[in-house]
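Each chain is listed here by its residues.
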Amino acid sequence: MTTQNDLLLVTSSPHIHSPDNVPNAMRDVLLALLPALLCGLYFFGLPALGVIVSCVVSAYVSELLCLKAMGKEVRITEQSAAVTGLLLSFCLPPALPIWMAALGSAFAIVIVKHLFGGLGQNVFNPALIGRAFLLASFPVAMTHWSKPLDGVTTATPLGILKEATGQPLPHLSELFIGTVAGSIGETSAIAILIGGCYLLYRGHIDWRTPVSFLGTVFLLTAVVGTIKGGGIQYPLFHLLSGGLLMGAFFMATDWVTTPVTKLGRILFGCGCGSLVVLIRLKGGYPEGVAYSILLMNVVTPLIDRYTKQRVFGGGQSNG
Amino acid sequence: MGDIIKLGLFLMMVAAVAGLGVGYVNIKAAPLIEKQILEEKIRSFKEVYPEGDKVENETAKYLTAPDKILKEVNIAYKNGTPAGVLYLAETKGYAGPVTILAGFDQASGKITAVKVLNQTETPGLGAKAKDPAFQNRYKGKDSAVALEVSKTPPTKENQIQAITASTITSKAVTKGVNAAREHFVATFGATKQVKTGTVQ
Amino acid sequence: MLIAVISLAVMGGLFGIILGIAGKKFAVEVDPRVEELLNFMPGANCGACGMAGCGAFAEAIVAGEVNPRLCAPGGASLYEKIAAIMGTDVSSYEERKVAQLLCQGGFEQSKMLYEYKGVHDCHLALANFKGPKACNYGCVRMGNCSRVCPFGAIQMGSDGLPVINFYLCTGCNKCVVECPQQILQLVGVSRQVHVRCLNTDKGKDARPICTTACIKCKLCEKNCPEDAVHVVPFGNGTVALVDYEKCTNCGICAAKCPTKAIQKNAAISEEVLREIGIPKDEEPGCQSCGVCKPL
Amino acid sequence: MQEYLIIIVSAVLINNIVLSQFLGICPFLGVSKKLSSSLGMGGAVSFVLVLSGAITWVVRHYILVPFDIGYMQTVAFILIIASLVQFVEMVMRKFTPPLYKALGIYLPLITTNCAVLGVAIINVQKDFSFGKAMTHSLAHSAGFTLALVLMSGIRERMEDADIPESMQGTPIALVIAALMSISFLGFSGLI
Amino acid sequence: MSLMQEFTKGIIKENPLFRLVLGTCPALAVTTSVENGLGMGAAFTGVLLASNIAISLMRSIIPASVRIPAYVVIIASFVTMTDQLMHAFTPSLYKALGIFIPLIVVNCIILGRAEAFASRNSVLPSIMDALGMGLGFTIALGLVSAFREVLGAGSFLGIQILPESIPAILMILPPGGFITLGCLLALLNKLQKKYAW
Amino acid sequence: MSKATFKGGIHVTGHKELTSQATTTVAAVPDKLYIPLSQHIGAACAPLVHVGDRVKKGQCIGDVKNFVSSPIHATVSGSVAAIEVMEHPGGSFVPCIVIENDRLEEWHESIKAHPDPAQLSPDEIRAIVLEAGIVGMGGATFPSHVKYSPVEGKSADTVILNGVECEPYLTSDHRLMLEKSDRIVAGLGYIMKCVGCRRGVIAIEDNKMDAVAVLQEAARSNPAISVVVMKEKYPQGSEKQLIYACTGREVPVGGLPIAVGVIVNNVGTAAAVADAVEFGIPLIERYVTVSGDAVQKPTNYLARVGTLFSELIAQSGGTVGEVERVISGGPMMGKTVFSPDVPIVKGSSGIVVLTKPTGQSRTEYPCVRCAKCVDVCPAFLEPTSIVKLAKRNKWDEAETANVMSCIECGSCVYVCPAQIPLVQYIRRAKQAVLAGKAKAAAVK
Ligand SMILES: Cc1cc2nc3c(=O)[nH]c(=O)nc-3n(C[C@H](O)[C@H](O)[C@H](O)COP(=O)(O)O)c2cc1C
Ligand SMILES: Cc1cc2nc3c(=O)[nH]c(=O)nc-3n(C[C@H](O)[C@H](O)[C@H](O)COP(=O)(O)O)c2cc1C
Ligand SMILES: Cc1cc2nc3c(=O)[nH]c(=O)nc-3n(C[C@H](O)[C@H](O)[C@H](O)COP(=O)(O)O)c2cc1C
Ligand SMILES: Cc1cc2nc3c(=O)[nH]c(=O)nc-3n(C[C@H](O)[C@H](O)[C@H](O)CO)c2cc1C
Ligand code: SF4
Ligand code: SF4
Ligand code: SF4
Ligand code: SF4
Ligand code: FES
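Residues numbered from 1 in each chain as written. Chains lettered and ligands numbered in written order. Predicted model: local features only at pLDDT ≥ 70, side-chain atom pairs only at ≥ 80, totals over all residues. Heavy atoms only, no water.

On to the overall build of chain F, then. Within chain F, the regular secondary structure consists of 13 helices and 17 strands. Principal-axis analysis of the C-alpha atoms places the extent of chain F at approximately 60 × 55 × 50 Å. Counting over 444 residues, chain F shows a buried share of 60%. A fraction of 74% describes how many contacts in chain F between residues 6 or more apart in sequence connect residues 24 or more apart. (Helix = DSSP H or I, 4+ residues; strand = E, 2+ residues; numbered from the N terminus. Buried < 20%, exposed > 50% of the residue type's maximum accessible area, 1.4 Å probe, protein only. Contact = heavy atoms within 4.5 Å.)

Following this line, the structure appears as C-alpha cells:
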C-alpha cells in the first residue's frame, strides 16, 4: 500500500498496548525452564546435553522448513519451536540416541504443529505427542533410564513402584532435589517449582490448571494411600515423582492446547489428574502424565464449548 | 399384495441361490479346510515334540474340570507307549489372548519345546514371541521348577529372558508354560522324582 | 446344505415381505421431477440461487417459481436439461448476470486522507471518516467482496481495487450485498459500457480527489446516439447512469469521457463462460458411494 | 460384574472400535465435521448396532448353530443388517420426520459401516452370552459415538485453522485420528 | 467411455481409496505388511469382480425396494466363498487377514460400485470397472503397506532391510496407519494440483 | 474501607502525572470557532442561524424537536461565517456552524441566573438541562435530560457520579473535581432531585486521593452524598462495571442502568447541570486534557466548544518528535483523527498526541489461545472465539456468543500477546448483527 508520509495514522482503539507479546512470553517460558535445564545438565551430563541440543535444533530447523514450504512468513523469533523442542527433550531419557530425539522433535513440529496450521492452531501438545510417538516407536530406548551423576542403568521411582521389584523407593528429599533416575528435566521438583512460580508471577499461566491437576492427584492418591496404609508419604511420592510437576506447570498450561475458560481449566486439570492416577495405578505404564494431558487435549474443544462463561448481566449463575 | 409377495419371493430366491452357492463351495472346501487345520496341528505337534509317532487328544481324560489356562492335553505315543505330553494353553498377553503349545518329555521331565500358535501382540514387540530365538529359551528347561521372567540376561537356570520391552508378552507365554508344567508334574511327574525348586 | 438353502431362503423371503409391506405402508410422496432435477443439479448447495440448497431450488423450479438461470454453477448444459424436463425453452430464461465494479479509484488515481492500520475490512475502514481515501463514494479497497465471493471470482488487483473474473463470477450477488459502498452491481453479461464512478459530488469537488472521477460534464449525455446515458439525480447530488435497455455497446460515451469514468469492456462471450466444476459440498457422511441416492 | 466392566472399559477406551480396531472409519471421517451430525450418526449407529447385535445373536444361537451352518454367518448377518437398516429408515421417514431429517441421511451409510457387522462378528468370536453380547455392542457403540464426538469437537475447532491446502479435509482428519489414537495408547494395559 | 477408460479410471482418477476415500477400514487394518496388503487387494478384487458381474446380469430384474438387501446378500455369498477358498488354499494369508475377509462385505466400495455402476451398466463394462477398481485398490493398499512395513518394521515383503533399532514401531500401530494414509492423500492432492489429472 | 471494584479489567500505565498536578489553564479563545451541529447521540440539530447572522455567547444556534437530541449554543459572540461540512472528532463528517469571534464575549439575553434554584421542581430542572444542551461529558454524549426522564415502571434510587477517569493520560475530570468540587456536589443534588432519589455516590479511583478528600469535604453538608473509593483498574469508568463496583448490581444484558435503579453521570455533567440550574449557563465550555508524549507542555484547559485541537496543541507549546497519531479522547477508547484541525465538542475530554512508538514494531501473530482476553474481559465474553467467528462472517453465531454485550473497552486488545485487534473484529460483528436485525425488521 502506498502511503503518503505526511499523513497521520488512523487506527482503531485502543491505541496503546501492553508490552506483552508472543516472543516475550515464549522467552519467559524458556527462562522458567532454565533451572530445570541446569539441573538436568548437572545430573545427566553430556548425553543429556546431546538430547537437548538435538531436540531444539531439530525443532528450529523443522519450523523453518515448514514455514518455507507453506509459503508463510519466516518468523521464528517467537521461539515457540524452541519451547517445544526443549520441553520435549525434558521428558526424554538422557541416554536416548540423539537421532531419535531429533526425529521426535521434527515429528512434533511438522505433524502436530504445522499440519494443523502452525502456531496457535494445533490441537495436541506437540512436545507430548513427540514423546508419545517416541515411546511407541522405540520402547526399548525410551525406557532405558540411568542414575544421575554416574549414569548407571536403573529404574525410575515410578518404575520401581509399578514393577514391585523390591528395590528401595527413593526418599522424598531425593525426589525434591532430583537425584533420581528419570527424564532429563523432570527429576528435580525444586527446579520445576521455581520455574512454575516465575510463570505464575509473570501471568503467563493460570494457577487453576496446576492447582486442580496436582490437587486431584494428591486427593486421589491420598485416598489410595490411606487404604493401602501408606500415609502422607504416598501422595507426596506421587506428586514429586515422574513428570507430574513438569506436566502440571509447563504442559497442562500450554495456551494453545488447553481450554480458554476458567472453569474449563479447572476441569482440564481435574481430568488430567484423574487420568494420571488411573494410568499410574491401573494402566500398563508406570507413568501417565503425557497421555493424560494428551487425552485432555482431545476433550478440550468440547470443554471449551460447554464451559462458556455467563455474560455480564446475564443471570446470576456463577461465572 | 401381489407386489409384496413378489418382493418376498425375489429376496427368497436370491437368498436361496446364495445359500446354494455358498453351500456348494462349503461342501467342496470344508474337507480341505479340515485337512488344513489337522495338518497344521500335526506340524505343530511335530515341532514341539518331534519324537512321537502318534498323538492323541486326551483332554477329557486329564482335564476333568475346565481349566482357565489349559485347553487341551495331548499325549504323544512312541511305539504305542505314551512318551510326551503336549499342552495347548491360552493366556492373556498385552493385546489379547496368546495361545501356546508346550511339549514335555516324560522320560526326562524336561520341556521339549514351546511354540506360540496364535497371538495379536504388537508387531515388532510382543509379536517377537513367535521368533524361534525366544521360543528356544524354553527348550530343555526342567519341568520341576517354576519358570520366571527376567529382564536381564538370566543368571539362574529357571529364568527366561524377556523380549525387550515386552515383559507382558513374555510373562504371558511363561504363565502358560508354567500352568502346563504344573499339570504335567502333578499328573505325569510320578514316574520321576520331584525336584524341589524355588517356586514362587 | 439343504438346511442352509432353506433357512437362508426363509430369512430372505421374510425380510423381503417385511420390507415390501413397509415400503407400501410407509410410502412418502415426492414429485418425481424434483428427484430427476436433483440428479442434474451440481449439488454444491452453494446458495447462488438464493435458496437453501439445491433441493429447495429444484422444488421451486418444479413449482415454476424461479428462473433456472439462478443456478449459476449449473451452466448452460443444466439449463438445457431443466428446459427438457420442464418442457420449456432455454432462451426464455433471463440473461445471466455478472458483478461489475463501479469505481476506478486505485492507488494512482485517488488522494488519501490518512494512513490506515488495522483490520482490513471495508466496513471498519469506513467508520473512520468514510475510509482512508479522500473520496467518500468509491471502493475502500479492503477486499470484503473478494473474501465473500464463494467462487474465487474476485481478487484484489495491484492498484488495490478488486478485479472480477467474469468467467468465474456466477452472479450470486454475495459481493453486491457485502459491499458497504454499494459500488458492485449485477449486470447482464452482454453489457459492455459502464459508468465506473458513483460519486455524487460536483465536478469541482470531485476532480481534486480522484483523477478518474465523474465530473458531471455531461459529454456522454450529449454524445450518446441512443440517448442511453444521462446524468441523473442520485443521493445528495447526481451521477451518470447508462440505461442498459437502450445502450448498444457503441462506446462513444466512453471515448468522449474526459476522465475515463466511463469504460467499454471487451465482450464476454457466453460460450467461453465456463461451467464451473465446483466440488460437491460433502453432505455429512456422503462418500459419494451412491447408496443413498435412489432410496 | 467385573467381567462386564472389563468389556465396557476395553470396548470404549482400550480397543476403541475406530481408533484401534479400524472399524467404521468411513463414517468416522465423513460425518465428523459438525458436532450435531456426529451425535446424530452416533445415535443412529448405536441404535442399529445394538438392535442388530441382538438379532444376530438370536439367529446365530437358534438357527446357525443348531443347523450347523456356521459358515453362513456372514451372509445371514449382513442380510439382517441391511434389511433392518432399510426397515428402520422407512419407519422413521413415515412416523418421525424430524428424526428422519436428523438421522435419515446416515442410515443407508450404516449398511456399509463395518462397525456393525464387525461387532456382530466379534460377539461370535468371543462367544459372548446374550447379556455380554448386548453389553459389548452397547459399549462399542458408545466408543464409536465418543470417538466421533471428540473428533467433531476438534474438527469444528480446525475450521478456523489455516491448514495447508493439500491437507484440508480428509487428510487432516486422518492425522487427527492418528494423534487421537496415539493419545488413546495411554489406556493400553488398563486391564 | 471406452472399456479401457472404465478400467483405467479406477487406478488413478477415481481410485477408490485415494480419490473416493472408501474402504478405509481394511486399508488401515491390514496394511501392516505388504504381503497382507496385496493379499487383501486380491481377495477384494475377486469379490468385486464376481459381484459386479452378478449384479450387472441381474440388474433388470432386481426390484428397487429390496435392492440393497439383494446386493448385500450377493456380495456376502461371494465373500463367504472367497473366505472358505482362502482358508482352504492360502491358510497363512487367511490367518493374517483375519476378521477383515468377512468385512469385505461391508467394504463401502463394493456396494458403492454395485449401486453406482454395475446396476446401470452391462456386463463387460462392469467387469472392466471391477478390474480397474480392484487394481486401484490393490495398488493403494500396496503403497500404504509398503510405507508402513518399511518405516515400521524395517522390512519389505518380509525381508529385513533396516537394522532392528531403526524402524519406528508406531508406523505399524494404528496411528501409523492413519498418518500414512493422511499423508499419502495430502501428497496426492498436491500432485493433483500440480498436474491436474 | 475496602475498595470497590469489578471483575476482570486491566492495569494500564496512567501517565497521569504529566497533567494532574497543574492548575487548569483557561484556553485562549480563537478567532474562529467551529461548532458541529451534532455533538450528541441522537438526531442532529438543524441550524437556527444563517450565514452572516450575528450571534451572542450562549445563544441557541441549532436545535431539533426530537426527544433524543440536544440543542447547540454559540460559545462566543460574533458572526456566522459559514455553515459547512467538516470532520468531527467522532470520525465522521458533520455540518458545522463557523463563528467569527468578535471578542466582545457578549452573553445572550436569555442567560439569567435563577433566583432560587432550590425551589425548582424536577420537571423544571429537566427543562433547564434540556435547554442548556447538556449531554453526558464522560464521552458517550447521551443527552442528559433523556436520562433523567422517568421510565415507565422503573425508578432510580441511586445517582452515581463517575469520577473514575480510568483512561490513561486524561486528568480533566481529576482537575475538575479538585477545582470545582462544590459545583459537582451541587449538580449531584439537582440531579438527585430531578430523578427523585435519595442516594448520591461519587466514585473515584484510589489514584486520585486528593480529589477524594476535596469532595468528601464538599459533600459533608449533604448526608445523602457519599464518596466511594475504588481500586484503580481499567475500565472502571464504564457504567455497568461502575454500578457493579458501587452497588453489586449487574445491569442485565441489553438493559440500561435504570433497570437496576441507577443513573450514572460524569462529574463534569453534574458541574454543568449546576451551572445551568443556578446561572442559566448552557454547555459551552469544558475541561480538556492535552497530553501525550508528542506534546511539548501537557496541560489541562478550560476550553470553549468549537476550538480546534490544533490551537490547543499550539498553546501547549506545539509538538515534539514525529507525530504519528492524534487521538480525540483517551488512548483506550478515543478515536484517532486524520487532522488536528477538528473542533472540541461537548464530549471531548482530552487530546492525546503520540509519537511513533520506538523499538519493536507491532506484529500480529495468530491467536495463541492464551485466554488473557477472556480473563480480562469485564463483560465476561470470549473475545478470541467471537473474533474467530467474525473472521468467517458467522454473525449469527457471534450473536449467540453475546457479541452485543461487548462494551468495546479494548482491554482484550491491550493484553493480547498476539496483538490482534480484537475489538475491531467485534465492532464489525456488532455492525453486521445490527444490520441483520434491521433487515429482519424491514422484512416484517
Ligand atoms: C511432562 C512429562 C510427562 C510425561 N508423561 C509420561 C507419560 O505419560 N508416560 C510415560 O510413560 N512417561 C511420561 N513421562 C516420562 C516419565 O515421567 C518418566 O520419565 C518415564 O515414564 C520413565 O519412568 P517410568 O519408567 O517410571 O515410567 C513424562 C515426562 C514428563 C516430563
Ligand atoms: C504401542 C505399544 C505396543 C506395545 N506392545 C507390547 C506388546 O506387544 N507386548 C508387551 O509385552 N508390551 C507391549 N508394550 C508395552 C511396553 O513396551 C512394555 O510392556 C512396558 O513398557 C514394560 O515393559 P518392559 O518392562 O519390558 O520395559 C507396548 C507398548 C506400546 C506403547
Ligand atoms: C470502557 C469505558 C470506559 C469509560 N470510562 C469512563 C470514565 O473514565 N469516566 C466517565 O465519566 N465515563 C466513562 N465511560 C462512560 C460511562 O460508561 C458512562 O457513559 C458515563 O459515565 C455516563 O455519564 P455521562 O452521561 O455524564 O457521560 C466509560 C465507558 C466505557 C465503555
Ligand atoms: C505457558 C506455556 C506453555 C507451553 N507449553 C508447551 C508444551 O507443553 N508443549 C509445546 O510443544 N509447546 C508449549 N508451549 C509453546 C507453544 O505454545 C507451542 O509450541 C504451541 O503449541 C505451538 O502452536 C508453551 C508455551 C507457553 C507460553
Ligand atoms: S467490498 Fe466494495 S468497497 Fe470493499 S473492496 Fe469490494 S468493492 Fe471495494
Ligand atoms: S460474489 Fe460477486 S463476483 Fe463472486 S460470484 Fe457472486 S456475484 Fe460474482
Ligand atoms: S470483548 Fe469487548 S468488553 Fe470484552 S474486553 Fe474486549 S472490548 Fe472489552
Ligand atoms: S489474548 Fe489474543 S492470543 Fe490470547 S486468546 Fe485472546 S486473542 Fe488469542
Ligand atoms: S470400510 Fe468404510 S466403514 Fe469401514
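Around ligand 6, the structure places 13 residues, and the nearest of them are C:Cys149, C:Cys169, C:Thr170, C:Cys172 and C:Cys175. Across the shell around ligand 6, the residue classes break down as nine nonpolar, three polar and one charged. (Near = heavy atom within 4 Å. Nonpolar A, V, L, I, M, F, W, Y, C, P; charged D, E, K, R; others polar.)

Okay, the nonpolar core next. Formed by 306 residues in total, the largest nonpolar core has its most connected members in A:Phe124, A:Phe213, A:Phe250 and F:Ile351. Those residues in contact with F:Ile351 that lie beyond four places of it in its chain are F:Val288, F:Thr289, F:Val290, F:Ser291, F:Phe309, F:Leu312, F:Ile313, F:Val326, F:Ile327 and F:Ile344. If you look at the next biggest cluster of nonpolar residues, it comprises 44 residues, including F:Ile184, F:Ile204, F:Val212 and F:Val267. (Core = buried A, V, L, I, M, F, W, Y, C linked by side-chain atoms within 4.5 Å.)

Turning next to the environment of C:Val177. Residue and element names in this part refer to chain C. Tracing the sequence through the fold places Val-177 in helix H7 (residues 174–178). Classification of Val-177 as exposed rests on a relative accessible area of 56%. For Val-177 and Cys-145, which are 32 residues apart along the polypeptide, the C-alpha to C-alpha distance reads 8.8 Å.

Once that is clear, we can look at helix H7 (residues 123–153) of chain E. In this model H7(E) runs 42 Å from its N-terminal to its C-terminal C-alpha over 31 residues, within 8% of the 45 Å that 1.5 Å per residue would give. Count one or two residues on from H7(E) and you reach E:Gly154, which has phi positive near 70°. (Expected span 1.5 Å × (residues − 1).)

It is worth spelling out the packing of aromatic side chains at this point. Counted by the stated rule, this structure contains 20 aromatic pairs over all chains. Centre to centre, the rings of B:Phe184 and B:Phe188 are 5.8 Å apart; their planes meet at 35°, and the pair counts as tilted. With B:Phe184 and B:Phe188 both in helix H4 (residues 167–188) and four residues apart, the pair spans about one turn of that helix. With 6.4 Å between their ring centres and 50° between their planes, F:Phe93 and F:Phe338 make a pair best called tilted. Of the two residues, F:Phe93 sits in strand E8 (residues 92–101) while F:Phe338 sits in the loop between strand E16 (335–337) and strand E17 (350–355), which places them 245 residues apart along the sequence. Judged by relative accessible area, which is 27%, F:Phe93 ranks as partly exposed. The class for F:Phe338 is buried, based on a relative accessible area of 12%. Among the aromatic residues, those joined into a cluster by ring pairs are B:Tyr62, B:Tyr87, B:Phe104, B:Phe184 and B:Phe188. Geometry around B:Tyr77 places B:Lys54 over its ring, the cationic atom sitting 5.3 Å from the centre. (Phe/Tyr/Trp six-rings, centres within 6.5 Å; stacked < 30°, edge-to-face > 60°. Lys NZ or Arg CZ within 6 Å of the ring centre and 35° of its normal.)

What follows concerns the side chain of B:Ser143. With respect to the element layout, B:Ser143 can be found in the loop between helix H3 (132–135) and strand E6 (148–150). When sequence neighbours within four positions are dropped, the list of residues in contact with B:Ser143 reads B:Phe104, B:Gly109, B:Lys110, B:Arg181, B:Phe184 and B:Val185.

Before going further, it helps to spend a moment on the sheet that holds strand E3 (residues 81–92) of chain B. Across a sheet, strands are paired by hydrogen bonds formed along the backbone, either parallel or antiparallel in direction. All names here are of chain B. Taken together, five strands build an open sheet; the order of strands is E1-E2-E3-E4-E5 and the sheet is antiparallel. Of all the strands in the sheet, just strand E1 (54–57) and strand E5 (111–118) have a single pairing partner and so form its edges. Shown here is a sheet whose adjacent strand axes are inclined to one another by a mean of 25°, direction ignored. Pairing analysis gives nine bridges linking E3 to strand E4 (residues 97–105), with the strands arranged antiparallel. Residue pairing in the sheet places Lys-92 in a bridge with Pro-97 of E4. Running over the sheet, H4 touches strand E2 (70–78), E3, E4 and E5 and is turned about 145° from E3. (Pairing = 2+ DSSP bridges. Axes fitted to C-alpha atoms, helices over the stretch in contact; angles between N-to-C directions.)

Looking now at the site of ligand 7. Taken together, 13 residues lie near ligand 7, and F:Cys377, F:Cys406, F:Cys409, F:Gly410 and F:Cys412 sit nearest. At the level of secondary structure, the elements contributing two or more residues to the shell around ligand 7 comprise helix H12 (411–415) and helix H13 (422–443) of chain F.

Right, let's get into the interface of chain F and chain A. Listed per partner, the contact involves 59 residues of chain F and 42 residues of chain A. Approximately 4,300 Å² of surface area, both sides summed, lies buried where chain F meets chain A, with 54% of it carried by carbon and sulfur atoms. In this assembly, chain F and chain A are joined by five salt bridges. One salt bridge connects A:Lys308 with F:Glu382, and the closest N-O pair in it is separated by 3.0 Å. Inspection of the chain F/chain A interface yields 25 residue pairs in polar contact (both at pLDDT 80 or more). A per-element tally of the side of chain F that touches chain A places strand E15 (residues 323–328) of chain F first, with five residues. A class-by-class count of the residues in the side of chain F that touches chain A yields 34 nonpolar, 13 polar and 12 charged. (Buried area = accessible area lost by both parts, 1.4 Å probe. Salt bridge = Lys/Arg side-chain N within 4 Å of Asp/Glu carboxyl O. Polar contact = N/O pair within 3.5 Å; in protein donor to acceptor, adjacent residues only side chain to side chain.)

All names here are of chain F. The strand order across the open sheet formed by four strands is E2-E8-E7-E4, and the pairing between neighbours is antiparallel. The strands lining the two open edges of the sheet, one partner per strand, are strand E2 (32–36) and strand E4 (54–55). Where strand E7 (residues 78–88) lies against E8, 10 bridges are found, and the strand directions are antiparallel. Residue pairing for E8: Val-85 is matched across the bridge by Pro-95.

This next bit is on the packing of helix H3 (residues 34–58) of chain E against helix H6 (residues 108–118) of chain E. When two helices pack together, you describe them by how their axes are tilted relative to each other and by the distance separating the axes. All names here are of chain E. Here H3 crosses H6 at 30°, and the two axes come no closer than 10 Å. One way to sum up the angle between H3 and H6 is to call them roughly parallel. You can see that H3 and H6 cross each other, and the crossing is right-handed. Residues Phe-44, Val-47, Leu-48, Ser-51, Asn-52, Ile-55 and Ser-56 of H3 pack against Ile-109, Ile-110, Arg-113, Ala-114 and Ala-118 of H6. (Parallel < 35°, antiparallel > 145°, perpendicular 65-115°, else oblique. Left-handed = near helix turned anticlockwise from the far one by under 90°.)

Scored by pLDDT, chain C has a mean of 82; 85% of the residues are at 70 or more. Considering only residues more than four positions removed or in separate chains, one finds that residues 274–295 of chain C, a stretch of pLDDT under 50, has 55 contacts. (pLDDT = per-residue confidence, 0-100.)

Our focus in this paragraph is the arrangement of the chains. Among the 13 pairs of chains in contact, the pair with the most contacts is chains A and F. Regarding chain B and chain F, which are not in contact, the minimum distance between any of their C-alpha atoms is 38 Å. One thing to see here is that chain E and chain F don't touch, and their nearest C-alpha atoms sit 24 Å from each other.

Residues and elements named next belong to chain E. At a minimum axis separation of 11 Å, H6 and H7 run at an interaxial angle of 150°. On the basis of the axis angle, H6 is roughly antiparallel to H7. Seen along the crossing, H6 lies across H7 with a hand that is right-handed. Counted together, Ile-109, Arg-113, Phe-117 and Ala-118 of H6 and Pro-125, Ser-126, Asp-129, Met-133 and Phe-137 of H7 form the full contact between these two elements. Partitioned by chemical class, the residues of the contact of H6 with H7 number six nonpolar, one polar and two charged.

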